[in-house]
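Take a look at the letters that make up each chain.
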Amino acid sequence: MRFRHPDGSTVHLAYCTNVHPAETLDGVLAQLRDHCEPVRRRLGRDRLGIGLWLARDAAHALVTDPSALRGLRTELEHRGLEVVTLNGFPYEGFGAEEVKYRVYQPDWADPERLAHTTDLARVLAQLLPDDVTEGSISTLPLAWRTAYDQERATAAHTALTTLAERLDALHELTGRSLRIGLEPEPGCTVETTRDALVPLTAIGHDRIGICVDTCHLATSFEDPHTALDALAQARVPIVKSQLSAALHAEHPHLPEVRAALAAFDEPRFLHQTRTLTAAGLRGTDDLGEALAGDALPDASPWRAHFHVPLHAAPAAPLTSTLPVLRAALARLVGGPHPLTHHLEVETYTWQALPPELRPRARAQLVDGIAAELTLARDLLTDLGLKELP
């Protein structure tokens, strides 16, 4: 979906296909047929943006077989889909029964991460629509915080610098300008936008910036305006923003609230949980850990890294951090010039919701994703952007 900003520039809105995880190219093609095109039709649009997630094997197949890459582009066009952004965070196995800490491997100190992201960049340069010259790829924020010493930090920074040089060369070769956004996430070396300032300014290359995920921003209790103003002041490019909402519990000390939270404690994904105390931010690596005894102070609200559907906040006594998303979006694209031109709805947890909230059929998932995109579209038009055909 494309929107015209009042300054005349185009803002792209997509939804991320990591909600339909597939490890192979055949699986990706099935996603387009079974999910992405039906969402487009459900919205009544001739064109829909998708943020592709390409696992290692799928990306490698595309970069080593030009005919396969041409075939994917043809299939996208045939189904009325376009790609300006990729989700390069998960490497493989995102659809496994248990993902948890595995999603942070390999990290930026490992050569595999540089090789995979280079593959993604080469693929994206060929998938961009003919009238689009700028693409974006989000990636993990360096590494999970444990076992990340100075030696691994140096290796990660070297890899990102090498990637920036490769992106420069790709621009010269193809005319396509691609940028990478580190995506701050609770528990990682770069947990907040503030944490991103030092490594990104040290790298000092405009092809390496930040991806602002509004669920992560909210989980860490960051104020959107303060965070985004700091990035602007430091001249850190906001490569893209993922529009997502976290799980919010206003009164976590109450038994009924803990019972409601427990329904979201599921085995597949990590749900880092945070609370803001007088002494600062406190947290646990997972929701179950927070619910066990007194692992986390409960005198103040809790927020958990659980991407809840944008249009359907959990039932009381829980809610979502949609107000944080609204505030962030107003700062991102509501001013005289957009701080980013790539927006991506990223709710990948539909099948991890409590059983009674999960889609029971493919059509229900299509309806849910379409409803999220409709909400995002309405937020953008309320900010003065004009939806384009």
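For the structure itself, consult the block above.
Here is a short report on the structure shown in this document. Quick caveat: nothing in here was measured; it's all calculated off a predicted structure. (Residues numbered from 1 in each chain as written. Predicted model: local features only at pLDDT ≥ 70, side-chain atom pairs only at ≥ 80, totals over all residues. Heavy atoms only, no water.)

**Quick notes on the packing of aromatic side chains**
- Summed over the entire model, instances satisfying the criterion amount to eight aromatic pairs.
- Ring centres 6.1 Å apart and planes at 65° place the aromatic pair F89 and Y104 in the edge-to-face group. Separated by 15 residues along the polypeptide, F89 in the loop between β4 (81–87) and α4 (111–127) and Y104 in the loop between β4 and α4 bring together distant segments of the chain. No difference in accessibility class separates F89 from Y104, as the two residues are buried.
- Judged by centre distance (5.2 Å) and plane angle (90°), the rings of F264 and F306 are edge-to-face. Highlighted residues: F264 in the loop between α9 (255–262) and β10 (273–277) and F306 in strand β12 (residues 302–308), separated in sequence by 42 residues. Each member of the pair, F264 as well as F306, is classed as buried.
- An aromatic cluster is defined as three or more aromatic residues linked by ring pairs; in this entry it consists of W53, F94, F269 and Y348.
- Over the aromatic face of F221 sits the side chain of R303, whose NZ or CZ is 4.4 Å from the ring centroid. (Phe/Tyr/Trp six-rings, centres within 6.5 Å; stacked < 30°, edge-to-face > 60°. Helix = DSSP H or I, 4+ residues; strand = E, 2+ residues; numbered from the N terminus. Buried < 20%, exposed > 50% of the residue type's maximum accessible area, 1.4 Å probe, protein only. Lys NZ or Arg CZ within 6 Å of the ring centre and 35° of its normal.)

**Describing the layout of surface pockets**
- Taken as a whole, the largest pocket holds about 400 Å³ of empty space.
- What lines the largest pocket is a set of 22 residues, and nearest its centre among them are E134, R179, T340, H341 and H342.
- Listed by contribution, the elements that provide at least two residues to the lining of the largest pocket are β2 (10–16), β5 (134–139), β6 (177–182), α8 (224–233) and β8 (238–243).
- Within this model, the second largest pocket holds a volume of roughly 280 Å³.
- As for the second largest pocket, its lining consists of 16 residues, of which F264, A313, P314, A315 and L357 are closest to the centre.
- Class assignment for the residues of the lining of the second largest pocket results in 14 nonpolar, one polar and one charged. (1 Å grid on protein atoms, 1.4 Å probe; cavity = no way out; pocket = protein on both sides within 12 Å on 5 of 7 lines; lining within 4 Å. Points joined across faces, edges and corners; volume = space filled by probe spheres on them. Nonpolar A, V, L, I, M, F, W, Y, C, P; charged D, E, K, R; others polar.)

**Remarks on empty space enclosed by the protein**
- Scanning the model with the defined rule gives four cavities of 30 Å³ or more in all.
- Counted as a void, the largest cavity has a volume near 170 Å³.
- Along the walls of the largest cavity sit 19 residues, with F94, V103, E185, H305 and Y348 positioned nearest its centre.
- Taken together, the residues that form the lining of the largest cavity break down as nine nonpolar, six polar and four charged.
- Lining the second largest cavity are P184, E191, T193, C211, V212, D213, H216, L217 and E222.
- At the level of secondary structure, the elements contributing two or more residues to the lining of the second largest cavity comprise β7 (208–213) and α7 (214–219).
- No other element matches the three residues that β7 contributes to the lining of the second largest cavity.

**Some points on the packing of helix α2 (residues 56–64) against helix α3 (residues 66–78)**
- It is the contact of α2 with α3, at a shortest axis distance of 5 Å, that shows an interaxial angle of 110°. The orientation of α2 relative to α3 falls into the category roughly perpendicular. Judged by residue contacts, A61, L62 and T64 of α2 engage P66, A68, L69 and L72 from α3.
- Class assignment of the residues belonging to the contact of α2 with α3 gives a composition of six nonpolar, one polar and no charged. (Axes fitted to C-alpha atoms, helices over the stretch in contact; angles between N-to-C directions. Parallel < 35°, antiparallel > 145°, perpendicular 65-115°, else oblique. Contact = heavy atoms within 4.5 Å.)

**Quick word on the environment of G135**
- For G135, the position within the fold is in strand β5.
- Remark: the alpha-carbon pair of G135 and R179, spanning 44 residues in sequence, is separated by 6.5 Å.
- Among residues more than four places away in sequence, those in contact with G135 are V84, L124, L128, S177, L178, R179 and H342.

**What to know about the sheet that holds β10**
- With respect to topology, five strands assemble into an open sheet ordered β11-β10-β12-β9-β13, the strand pairing being antiparallel. Looking at the sheet topology across the chains shown, the edges are occupied by β11 (280–284) and β13 (318–320). Strand after strand, the sheet turns through a mean of 30° between neighbouring axes, direction not considered.
- Note that β10 and β11 share five bridges and pair antiparallel. (Pairing = 2+ DSSP bridges.)

**Focus on the packing of helix α1 (residues 25–43) against helix α12 (residues 362–382)**
- One can describe the packing of α1 onto α12 by two numbers: an axis separation of 9 Å at closest approach and a directional angle of 55°. Of the possible angle classes, the one that applies to α1 and α12 is oblique. Between α1 and α12 lies a crossing of right-handed hand. Of the residues in α12, those in contact with D34, H35, P38, V39, R42 and L43 of α1 are R362, L365, V366, D367, I369, A370, L373 and T374.
- Taken together, the residues that form the contact of α1 with α12 break down as eight nonpolar, two polar and four charged. (Left-handed = near helix turned anticlockwise from the far one by under 90°.)

**Details of the pattern of salt bridges**
- Enumeration according to the criterion identifies 25 salt bridges in this entry.
- One salt bridge connects K100 with D286, and the closest N-O pair in it is separated by 2.6 Å. Here D286 lies in the loop between β11 and α10 (287–291) and K100 lies in the loop between β4 and α4, a separation of 186 residues in the sequence.
- For K100, a relative accessible area of 13% translates into the label buried.
- A single salt-bridge network, built from bridges that share partners, covers E37, R40, R41, E75 and R79. (Salt bridge = Lys/Arg side-chain N within 4 Å of Asp/Glu carboxyl O.)

**Here we look at the side chain of N87**
- Its location among the elements puts N87 in strand β4.
- Owing to a relative accessible area of 1%, N87 belongs among the buried residues under this scheme.
- Within polar-contact distance, the side chain of N87 engages the backbone nitrogen of F89 at 3.0 Å.
- Those residues in contact with N87, other than ones at most four positions away along the chain, are C16, N18, L52, W53, L54, S138, K240, Q242 and E346. (Polar contact = N/O pair within 3.5 Å; in protein donor to acceptor, adjacent residues only side chain to side chain.)

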